[in-house]
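Architecture at a glance
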Amino acid sequence: MIRKSIQSRRARETRLKIYGITSICFALIMLATLLISIGLNGYSALQQAYFKVDISVNMDKLVDDSGTINKNKMNLFNWDGLVKSALREFFPEVKERDEKKELFAIISANAGYDLKEIVKKKALGSGSHTMSVWLHLSDDADQYLKGRLSIDIPEEDRRINNKQIAWVNSLVERDIAKLKFNKTFFTSADSREPESAGILGSVVGSALTLFVTVMFALPLAVMASIYLEYFAKPGRITDFIEVNINNLAAVPSIVFGLLGLSVFLSTFGLPRSAPLVGGLVLGLMTLPTIIIASRASIRSIPPSIREAALGLGASKMQAAMHHVLPLAAPGILTGTIIGMAQALGETAPLLMIGMVAFIIDIPTTFTSSATAMPVQIYMWSDSAERAFYERSSLAILFLVAFLISMNLLAVVLRKKFEKKW
Amino acid sequence: MAIKFRTKNVEVSYGDKKAIKDISLNIKKNTITALIGPSGCGKSTFLRCLNRMNDVIENCSIKGSVLLDEQDIYGPDIDPVELRARVGMVFQKANPFPKSIFDNIAYGPRIHGLASSDNELKDIVHNSLEKAGLIDEVKDRLNDQATGLSGGQQQRICIARAIAVSPEVILMDEPCSALDPIATAKIEELMNEISETYTIIIVTHSMQQAARVSKKTAFFHLGDLIEYNDTDKIFTQPDNEKTQDYITGRFG
């Protein structure tokens, strides 16, 4: 009898184990599929098609009488013309106006601007200088070289015609054009031209926003949880506060965006699109998460520690600050980082406060216009250019890497501050 | 001999439930007084009244008066923080802070500002450990974690920590219940030594312990104080039948 029941119990245990392993495997396969597909879409954005031109610049035309570079003269100078004439030297047979237009379409529309920036950075002395520089090809040429543009479809439906393909190929054959590491992606902010667009602007925007978030939410949450755990008199008001904190954690994030819009922007008149406002809104959003984690962490500290401090004549505040908080810190920290990770991936509230704007400068202060990583991904995935597709995939990988490193940081910090009993 | 604590008609209730009723008791200065009785009889509750540790517990209310040196400790001009510096406490489970031995002992003096210099603080720590009979065991490892010590040593650290604040009274809530006989003997010996300078009130489940260490014993039962007398008297010829039953092990 007993043996029979043991057998069936064993079988049940084994079944349960198999279910568990299966579901874990399923989750892992899904995760791997997701990451691999994003990776396959995004890896090609690590490279970018460049072409090399020899350019000669006469610095005397660009400096003041004192010899320093004149900004006005720099801006007025026809850099585009310089690049275009250099390009035409490779293809002397191109004479027609329309044909020229087609030729210039294979290089980046920003090539002249990029050249200006290169010259500015080089800080050349007076006189004439000849140099060879690598500039971006257009996104269509880039996609063609990466094999991401199908050339089987009829010419008139393609973004790049046969003549342009022949030119690009001829540049590649002459070793004038090739795929190089896409440094631009990591060093610049957004642009309408995929070849000039980068994520640095949104990374800095996200970092500034998260800094505001943690500075705003962490102290408030810690103080709130200490109050609720140790000082609040149980009663209706405390219950009401508690219920509402839990409710707040379940409010859709876009509602916090609306709140930020009406309170921070309309009432307080804070600047729109600013990391300051974004941080405050995300801070409000993560506040309940951190409070709930902090309270759980504070509650897990044995009351005997607090009693010991009180028994020695420590005040309630001293007992909390000297003994409970340091011991609860690892748990609070974990909760905070989880909240931060949630805030980092949040798009909706930022849309409401204008952080969805197209911003080409890397933000430098908490009030300058900025965007955030998930918003950047959202904007790129919405763009028509094919080259933005691979860029958004790469940006997603970057965001995931950012999240993983935050979680790693949480683990490391917890290990470091955890005290043994 | 002088009276340290004088309680009059003390009644404590947790919500609707009365934990102790009408306790009037005079506790002598520089004596060890034992509180005995079966579980749930209210002896710990009474002990915690004496340094207002019940304040921390939600919905706990107290009636009657508790006088320390003839001053009502529940009076309006008494700060519980100051009171607890005068009336120290050692808990049932050794609860050293997860810090170094030195920091454990130094915590009280630090928050009360008892030492004006580092050297003075070191002296206080040293003296407290000496009084607690621990100095030889730990003097070379004052910077080690206190939580790494044995259970008996941890409990003596807690006693030393209480002594470091120079209290007048030390309350002990079953300090030996988790310790082996050797560690218990050490703590009892320690209590005997320090009873000349401190008033000690100990709650204990062990009647032998009460008989060994205390001068006076109070027997509690179901929230009532049944009998309070010299320990010798209680254990040899108690006045009350219930006391007789309890000490002979007929219930408890």
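Opposite the 20 residues of chain B that make contact, chain A presents 17 residues. Going through the elements one at a time, α2 (80-86), β6 (87-90) and α3 (101-112) of chain B are the ones with two or more residues in the side of chain B that touches chain A. Of the residues in the side of chain B that touches chain A, the class split is 11 nonpolar, 5 polar and 4 charged.

Moving on to the environment of A:Ala232. Residues and elements named next belong to chain A. The residue Ala232 is located in the loop between α9 (200-231) and α10 (236-249) in this model. The partly exposed category is assigned to Ala232, around which 15 C-beta atoms lie within 10 Å. With residues up to four places along the chain from it excluded, the contact list for Ala232 reads Tyr227 and Thr238.

It is worth spelling out the packing of helix α12 (residues 275-299) of chain A against helix α14 (residues 316-344) of chain A at this point. Residue and element names in this part refer to chain A. Between α12 and α14, whose axes approach to 8 Å, the crossing angle comes to 150°. Judged by the twist between their axes, the crossing of α12 over α14 is right-handed. For the pair α12 and α14, the contacting residues are Leu282, Met285, Thr286, Thr289, Ile290, Ala293, Ser294, Ala296, Ser297 and Ile298 in the first and Val324, Ala328, Gly331, Ile332, Thr334, Gly335, Thr336, Ile338, Gly339, Met340, Gln342 and Ala343 in the second. When grouped by side-chain class, the residues that make up the contact of α12 with α14 number 12 nonpolar, 10 polar and no charged.

All names here are of chain B. Spatially, 6 strands are ordered β6-β7-β8-β3-β9-β10 in an open sheet, and the strand pairing comes out mixed. Strand pairing shows two members of the sheet lacking a second neighbour, β6 and β10 (224-230), which therefore form its edges. Shown here is a sheet whose adjacent strand axes are inclined to one another by a mean of 15°, direction ignored. In the sheet, strand β9 (residues 216-221) pairs with β10 via 6 bridges, with the strands oriented antiparallel. Across the sheet, the residue bridging to Phe220 is Leu225, located in β10.

What counts and how
- The residue numbering used here restarts from 1 in each chain and proceeds along that chain's sequence as written.
- Each chain gets a letter, beginning with A, and each ligand a number, beginning with 1, in the order they are written.
- Selection of residues for local features in this predicted model requires a pLDDT of at least 70, selection of side-chain atom pairs for listing and counting requires 80 or more, and totals for whole chains, interfaces and linings are taken over all residues.
- Two residues qualify as a contact pair if the distance between their C-beta atoms, derived from the backbone, is within 7 Å.
- Put simply, DSSP marks the helices as runs of H or I at least four residues long and the strands as runs of E at least two long, and each gets a number from the N terminus on.
- In the scheme used here, Gly and all other residues not listed as nonpolar or charged are polar, with Ala, Val, Leu, Ile, Met, Phe, Trp, Tyr, Cys and Pro taken as nonpolar and Asp, Glu, Lys and Arg as charged.
- Three exposure classes are used, based on other C-beta atoms lying within 10 Å of a residue's own C-beta, which is placed from the backbone: buried for 20 or more, exposed for 12 or fewer, and partly exposed in between.
- Axis angles are defined between N-to-C directions and span 0 to 180 degrees, where every axis is a line fitted to C-alpha atoms and, for a helix, only to the segment in contact.
- Two helices cross in a left-handed way if the nearer one is turned anticlockwise from the farther one by less than a right angle. They cross in a right-handed way if the turn is clockwise.
- Whether two strands pair depends on DSSP finding at least two bridges between them.

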